[in-house]
Amino acid sequence: MKNRLKVLRAERNWTQAELADALDVSRQTVNAIETGKFDPSLPLAFRAARLFGMPIEEIFHDPALDADGSSPVTEIRKDTYV
Amino acid sequence: MNQLKLQENGYQSRIRTSSMRLARWNGAWVAASALMAFGPKFIWNKDVLFTLLAVGLNVAVGVSLILASKKYVEELDELQRKVYFNALAITVGVAIVAGIPYSVLNTYGVLPFHADVGHLVILMGLTFWVAHQYGTRRYR
């Protein structure tokens, strides 16, 4: 899962430590999420969304989704069930 | 620039408190174990009552150590908990895989020395430390 956490943080001039404190996690966790090494849980993703005041899908993005927002996986499943 | 308000009782502060509590109970358990192991021979001349009291103290401190450890894990954030559980899983695996052959070798007198459960505890401690360090570096 890709995310815009680093960009959003930089726009606000927050350090990783400050963001970690606001999200109630360690700085290592913020760093691991920003570098894509670790995917956050849904509650943590919602906390980030609340903190930045934007919808969760504007911060976290599934690379499997196409540019138009449709998922090739979902399309295949639809065909299978028809 | 949006200023973030730092939390008074934030994650770092809570984990520091929790780590200190765990370290204190670890120390107490090591001391209680030493008393239980060496007390009968060196302090109270194998008096049964004192030995039973030392065993009771060791179990009581051990239970407190387990509770402190549980509390510590509950305080960890999700990534650190994942690292901790991965290290724990490797430790349990190594203990089983190494412990059973070690016991068999001891049973059939293959080992040139007396096998002791302490060796397994040391192996588990070292394995956990290495696995935890590896996990921490992996996500750094």
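Definitions and cut-offs
Within each chain, residue numbers correspond to sequence positions counted from 1 in written order. All chains are assigned letters beginning at A, and all ligands numbers beginning at 1, according to the order in which they are written. The predicted origin of the model limits local features to residues at a pLDDT of at least 70 and limits the giving and counting of side-chain atom pairs to 80 or more, whereas totals for whole chains, interfaces and linings rest on all residues. Note that the side-chain values use all heavy atoms of the structure and ignore hydrogens as well as water. Helix numbers and strand numbers start at the N terminus; a helix is a DSSP run of H or I with at least 4 residues, a strand a run of E with at least 2. Helix span is expected to be 1.5 Å times the residue number reduced by one. Here's how the labels work: a residue is buried when its accessible area is under 20% of the maximum for its type, exposed when over 50%, partly exposed in between, all with a 1.4 Å probe on protein chains only. Note: the arc covers the axis-to-C-beta directions of the helix. In this description, contact between two residues means that some pair of their heavy atoms is separated by no more than 4.5 Å. Under the rule applied, a polar contact is a pair of N or O atoms within 3.5 Å (in protein, one hydrogen donor and one hydrogen acceptor; residues adjacent in sequence only if both atoms are side-chain atoms). Throughout, the edges of the domains are those of an automatic or database domain assignment. Throughout, the accessible surface (probe 1.4 Å) given up by two parts as they are put together, summed over both, is called the buried area. Think of a salt bridge as a Lys or Arg side-chain nitrogen and an Asp or Glu carboxyl oxygen that are within 4 Å of each other. When residues are sorted by character, Ala, Val, Leu, Ile, Met, Phe, Trp, Tyr, Cys and Pro go into the nonpolar class, Asp, Glu, Lys and Arg into the charged class, and all the rest, Gly among them, into the polar class. Points on a 1 Å grid, built from protein atoms alone, make a cavity when a 1.4 Å probe fits but cannot get out and make a pocket when they are open with protein on both sides within 12 Å along at least 5 of 7 lines; residues with an atom within 4 Å of a point are the lining residues. Grid points are joined across faces, edges and corners, and a volume is the space filled by probe spheres set on the points. Each patch is built from residues that are more than 30% exposed by relative accessible area and take part in no salt bridge. Like charges join if they lie within 9 Å; nonpolar side chains (Val, Leu, Ile, Met, Phe, Trp, Tyr) join within 5 Å. Under the convention used here, a 1.4 Å probe and the Shrake-Rupley method define accessible areas, while residue burial counts only the protein chains that appear.

Participant: Explain helix H4 (residues 117-138) of chain B to me, and be specific about the residues and the numbers.
Facilitator: Its 22 residues place the ends of H4 of chain B 32 Å apart at the C-alpha level, agreeing with the 32 Å of an ideal helix rising 1.5 Å per residue. All buried positions along H4 of chain B are accounted for by Thr127, Ala131, Gly135 and Thr136 of chain B. Here the buried residues of H4 of chain B occupy an arc of 160° about the axis, which is enough to place them on one side. Opposite the buried face of H4 of chain B, at more than 90 degrees from it, the exposed residues are Ile122, Leu126, Trp129, Val130 and Arg137 of chain B. Tucked inside the fold, the buried residues of H4 of chain B contact helix H3 (27-34) of chain A together with helix H3 (78-107) of chain B. Between the side-chain oxygen of the N-cap and the backbone nitrogen of Gly118 of chain B there are 2.7 Å, and the N-cap of H4 of chain B in question is Asp116 of chain B.

Participant: Lay out the domain arrangement of chain B with the relevant residues and their values.
Facilitator: All names here are of chain B. One can read the domain layout of chain B as domain 1 (1-75) and domain 2 (77-140). Here the C-alpha centroids of domain 1 and domain 2 sit 21 Å apart. Across the domain 1/domain 2 interface, buried area totals approximately 460 Å², and carbon plus sulfur atoms make up 52% of it. Ranking the residues of domain 1 by area buried against domain 2 places Tyr11, Tyr72 and Val73 at the top, with a combined share of 76%. At the boundary of domain 1 and domain 2, one finds zero salt bridges. Along the contact surface separating domain 1 from domain 2 lie four residue pairs in polar contact (both at pLDDT 80 or more). Examining the composition of the side of domain 1 that touches domain 2, we find that five residues originate from one element, helix H2 (residues 48-75), more than from any other. Of the residues in the side of domain 1 that touches domain 2, the class split is three nonpolar, one polar and two charged.

Participant: Residue-level account of the interface of chain A and chain B, with values.
Facilitator: Chain A puts 22 residues into the contact, and the matching count from chain B is 20 residues. Both sides of the chain A and chain B interface together cover about 1,800 Å² of buried area, and 51% of this is carbon and sulfur. If you look at where chain A meets chain B, you find one salt bridge. Our count for the chain A to chain B interface comes out at eight residue pairs in polar contact (both at pLDDT 80 or more). Put simply, the parts of the chain that give the side of chain A that touches chain B at least two residues each are helix H2 (16-23), H3 and helix H4 (42-52) of chain A. Per-element tally for the side of chain A that touches chain B: the top contributor is H3 of chain A, with five residues. The class makeup of the residues in the side of chain A that touches chain B is nine nonpolar, six polar and seven charged.

Participant: Lay out the layout of surface pockets with the relevant residues and their values.
Facilitator: All names here are of chain B. Looking at the largest pocket, its volume works out to about 500 Å³. Together, 15 residues line the largest pocket, and Asn26, Tyr84, Leu88, Gly125 and Phe128 are the ones closest to its centre. Among the elements of the structure, helix H1 (11-42), H2, H3 and H4 are those that each provide at least two residues to the lining of the largest pocket. For the lining of the largest pocket, the leading source of residues is H4, giving five residues. For the lining of the largest pocket, the class distribution of residues is ten nonpolar, five polar and no charged. Residue assignment places the lining of the largest pocket across two domains, with domain 1 (1-75) and domain 2 (77-140) each supplying three or more.

Participant: With reference to specific residues and values, describe the side chain of Thr29 of chain A.
Facilitator: Here Thr29 of chain A is to be found in helix H3. Leave out the neighbours within four places in its chain, and Thr29 of chain A touches Phe38 and Leu44 of chain A together with Asp77 and Leu79 of chain B.

Participant: Tell me what's going on with a nonpolar patch on the surface, and back it up with residues and numbers.
Facilitator: Taken together, the side chains of Val92, Ile96, Ile100, Val104, Leu105, Tyr108 and Val110 of chain B define a hydrophobic patch exposed on the protein surface, amounting to about 690 Å² of accessible area. Mapped onto the fold, Val92 of chain B is located in helix H3.

Participant: Give me the pattern of salt bridges: which residues, what numbers.
Facilitator: According to the stated counting rule, one finds six salt bridges over all chains in the structure shown. Ionic pairing is found between Arg9 of chain A and Glu34 of chain A, a salt bridge with its closest N-O pair at 2.5 Å. Within this pair, whereas Arg9 of chain A is found in helix H1 (residues 5-11), its partner Glu34 of chain A is found in helix H3, the two being separated by 25 residues in sequence. Look at Arg9 of chain A and you get buried, because its relative accessible area is 12%. Residue Glu34 of chain A is classed as buried on the basis of its relative accessible area of 12%. In this structure, Glu75 of chain B engages Lys71 of chain B in a salt bridge whose closest nitrogen and oxygen atoms are separated by 3.7 Å. Pair noted here: Glu75 of chain B and Lys71 of chain B are both in helix H2, with a separation of four residues, about one helical turn. We classify Lys71 of chain B as partly exposed; its relative accessible area is 36%. Salt bridges here are not isolated pairs; linked through shared partners, they connect Asp24 of chain A together with Arg14, Lys71 and Glu75 of chain B.

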